[in-house]
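Residues per chain, in single letters:
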Amino acid sequence: MNFEYTPEQIQLRRSIRDFAQAEIAPHVLEWDESQTFPLEAVKKAGELGMLGAIFPEELGGAGYGYVEYAIIIEELARVDPSFALIVAAHNSLCTNHIYLAGTDEQRRKYIPKLATGEWIGCWSLTEPEAGSDAAGTRSTAVEKNGEWILNGGKTFTTNAQYADVCVAMAVTDRAAGSHGISAFMLETGTPGFRVGKKENKLGMRASATGEVLFSHCHLPPSQLLGKMGDGFIDSLRVLDGGRISIAALSVGLAQGAFDAALKYSKHRKQFGQAISEFQSIQHKLADMATSIEAARFLTYCAGTRKDENKRVTKESAMAKLFASEIAVRVADDALQIHGGYGFIKDYPVEKFYRDVKLCTIGEGTSEIQRLVIARQLLRD
Ligand SMILES: Cc1cc2nc3c(=O)[nH]c(=O)nc-3n(C[C@H](O)[C@H](O)[C@H](O)COP(=O)(O)OP(=O)(O)OC[C@H]3O[C@@H](n4cnc5c(N)ncnc54)[C@H](O)[C@@H]3O)c2cc1C
């Protein structure tokens, strides 16, 4: 076992940290308050390879593995979890579905544009009536005169309003159940395809979350992604990798909240001494740091396995479950350490406290992660 980062990984962490401090940190509050999608900074992240982190260089990607990808997401989330969510949905959901299931032609058409940030991508599985039970998809795609005709709609799609291409799942054979759902690529401007309502959210407010709608949307056969009927099965493979990114996002968010709490505890004086001198505050800090480190190990362990081309269904669900749940507790403790000041927007922990809740919900709730883990344990 080797628990050391390579010099290149350490350098990568440093450069993402510098980017986050220079390009994101000064705007975090303003973006959150006004729910501004940081398009300009996202494009800059694209120029630096972050939007194509896990894709080969010949397709315009950075050629990194999941360990490097986790480093990128962790460092972005430490400063702004919303920004990290935008990058994660673009990379490991949308682009990765095209990379995993696409033909060479489809890969060559879409991945270079997405990997460089020329295009933004989104990925739509969830529907109003099909959340945790995503196999209950109701949107349909019917083949007629050599075309696909899509009808229906999706909800809660990250990046929806800013995406140039959307990977969406629709039923092509209802009788085949989860093996009757297929994936399609829809470009902005396709007649019958439009984005709907943008949600007004508790947290992650700089990331746009919204509906995508299909109304007699005609698509040529070239827009079917993967084999007909494999869209849901491929989505599960996509989520295996995606959950590593939500685990990394949770670790970064928790680290950001911890850093703020540690700093505050050394400066804030009560009863004539810094509050960090009180044992109950020290115990909180010790528990926070320990749980973050444990979550980090689970996350990078899942990333390492993924880079070794091993199956990570159980490991990524474990990392996502544990990291997201400890992040909720860490954000809570960080706010508590700030007392009343944690409750106001002048301090970053207020935002971490709001953002963190998405981590136990997105890409499968904690309840669903437990179900996935238990299923793997019983199968083994
Ligand atoms: C900000 C944000 C961004 C998102 N981005 C995307 C995206 O880009 N693309 C996308 O496709 N989706 C996205 N989602 C959707 C997200 O994946 C779903 O919200 C999530 O999977 C839960 O579905 P649901 O909200 O319908 O809740 P439900 O499935 O209705 O769940 C409600 C409650 O019931 C529990 N529950 C449900 N089934 C079971 C069960 N079998 N056993 C035990 N408990 C159960 C759940 O855990 C939860 O506590 C996003 C959501 C949010 C909030």
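Residue numbers restart at each chain and count upward from 1, following the sequence in its written direction. Reporting of local features is limited, given that this is a predicted model, to residues whose pLDDT is at least 70; pairs of side-chain atoms are given and counted only at 80 or more, and all residues count toward the totals for whole chains, interfaces and linings. Only hydrogens and water are set aside; all other atoms, that is, all heavy atoms of the structure, feed into the side-chain values.

S.K.: Requested: an account of the side chain of Ser92, with residues and values cited.
M.R.: With respect to the secondary-structure elements, Ser92 resides in helix H5 (residues 81–101). For this analysis, a polar contact is any N or O atom pair within 3.5 Å, provided that within protein one partner can donate a hydrogen and the other can accept it, and provided that sequence-adjacent residues contribute only side-chain to side-chain pairs. Of note is the side chain of Ser92, whose polar atom sits 2.6 Å from the side chain of Tyr69. Side chain to side chain, Ser92 and Ser245 meet in a polar contact 3.4 Å long. Residue contacts are defined here by distance: any two heavy atoms, one from each residue, within 4.5 Å place the two residues in contact. In contact with Ser92, other than residues within four places in its own chain, are Ile54, Tyr66, Tyr69, Val238, Gly242 and Ser245. Secondary structure follows DSSP: runs of H or I at least 4 residues long count as helices, runs of E at least 2 residues long count as strands, and numbering of each begins at the N terminus.

S.K.: Could you give an account of the side chain of Thr157, naming the residues involved and the relevant values?
M.R.: Along the polypeptide, Thr157 turns up in strand E3 (residues 147–158). The contacts of Thr157, once residues within four sequence positions are left out, are Cys122, Trp123, Ser124, Ala208, Thr209, Gly210 and Val212.

S.K.: Give me the lowdown on the packing of H5 against helix H6 (residues 104–115), citing residues and values where you can.
M.R.: Axis separation between H5 and H6 bottoms out at 9 Å; the angle between their running directions is 160°. Looking at the two axes, H5 sits roughly antiparallel to H6. Here H5 runs over H6; the crossing is left-handed. Side by side, H5 and H6 meet where His90, Cys94, Thr95, Ile98 and Tyr99 of the first sit next to Gln106, Arg107, Tyr110, Ile111 and Leu114 of the second. Classifying every residue of the contact of H5 with H6 gives six nonpolar, three polar and one charged. Angles shown run from 0 to 180 degrees and are taken between the N-to-C directions of axes, each axis being a line fitted to C-alpha atoms and, for helices, limited to the stretch in contact. For classification purposes, an angle smaller than 35 degrees is called roughly parallel, one larger than 145 roughly antiparallel, one from 65 to 115 roughly perpendicular, and anything else oblique. Working rule for handedness: look at the near helix, and if it is turned counterclockwise from the far one by less than a right angle, call the crossing left-handed; if clockwise, right-handed. Each residue receives one of three labels: charged for Asp, Glu, Lys and Arg, nonpolar for Ala, Val, Leu, Ile, Met, Phe, Trp, Tyr, Cys and Pro, and polar for the others, Gly being one of them.

S.K.: Please set out the packing of aromatic side chains residue by residue, giving values where relevant.
M.R.: Classification of ring pairs rests on two measures: the distance between centres of Phe, Tyr or Trp rings, Trp counted by its six-membered ring, which must be within 6.5 Å, and the angle between planes, read as stacked under 30 degrees, edge-to-face over 60 and tilted in between. The final tally for this structure, using the stated rule, is 13 aromatic pairs. A ring pair is formed by Phe193 and Phe214, whose centres lie 6.2 Å apart and whose planes are at 20°; its orientation type is stacked. Remark: Phe214 occurs in strand E7 (residues 209–219) and Phe193 occurs in strand E6 (residues 193–198); sequence separation between them is 21 residues. When sorted by exposure, Phe193 lands in the same class as Phe214, which is buried. Joined through ring pairs, the aromatic side chains of Phe19, Trp31 and Phe83 make up one cluster. The aromatic ring of Tyr5 is capped on one face by Arg13, whose charged end is 5.1 Å from the ring centroid. The positively charged end of Arg107 is found above the aromatic ring belonging to Tyr99, 4.2 Å away from the centroid. Exposure is judged per residue with a 1.4 Å probe applied to protein chains only, and the accessible area is read against the type maximum: over 50% gives exposed, under 20% gives buried, and values in between give partly exposed. By definition, being over a ring means that NZ of Lys or CZ of Arg is both within 6 Å of the ring centre and within 35 degrees of the ring normal.

S.K.: Now, about the pairing of strand E5 (residues 181–187): what can you tell me, with residues and values included?
M.R.: Successive residues of a regular strand alternate their side chains across the two faces of the sheet. Of all seven residues in E5, six are buried; the element is thus mostly enclosed. DSSP bridges decide pairing: two strands pair if at least two such bridges lie between them. Relative to E5, strand E4 (residues 165–171) runs antiparallel, the two being bridged by seven bridges. Considered in E5, the bridge of Val167 is made with Met185. The pairing of E5 with strand E8 (residues 224–225) spans two bridges and is antiparallel. Paired with Ala183 across the strands is Leu225, a residue of E8.

S.K.: Go over unusual backbone geometry with me, naming the residues and quoting the values.
M.R.: Its identity as a non-glycine residue notwithstanding, Met204 has a phi of 50°, on the positive side. When you line up the elements, Met204 lands in the loop between E6 and E7. Even without being glycine, Phe271 reaches a positive phi, approximately 50°. Looking at where Phe271 falls in the secondary structure, it is placed in the loop between strand E9 (269–270) and strand E10 (273–274).

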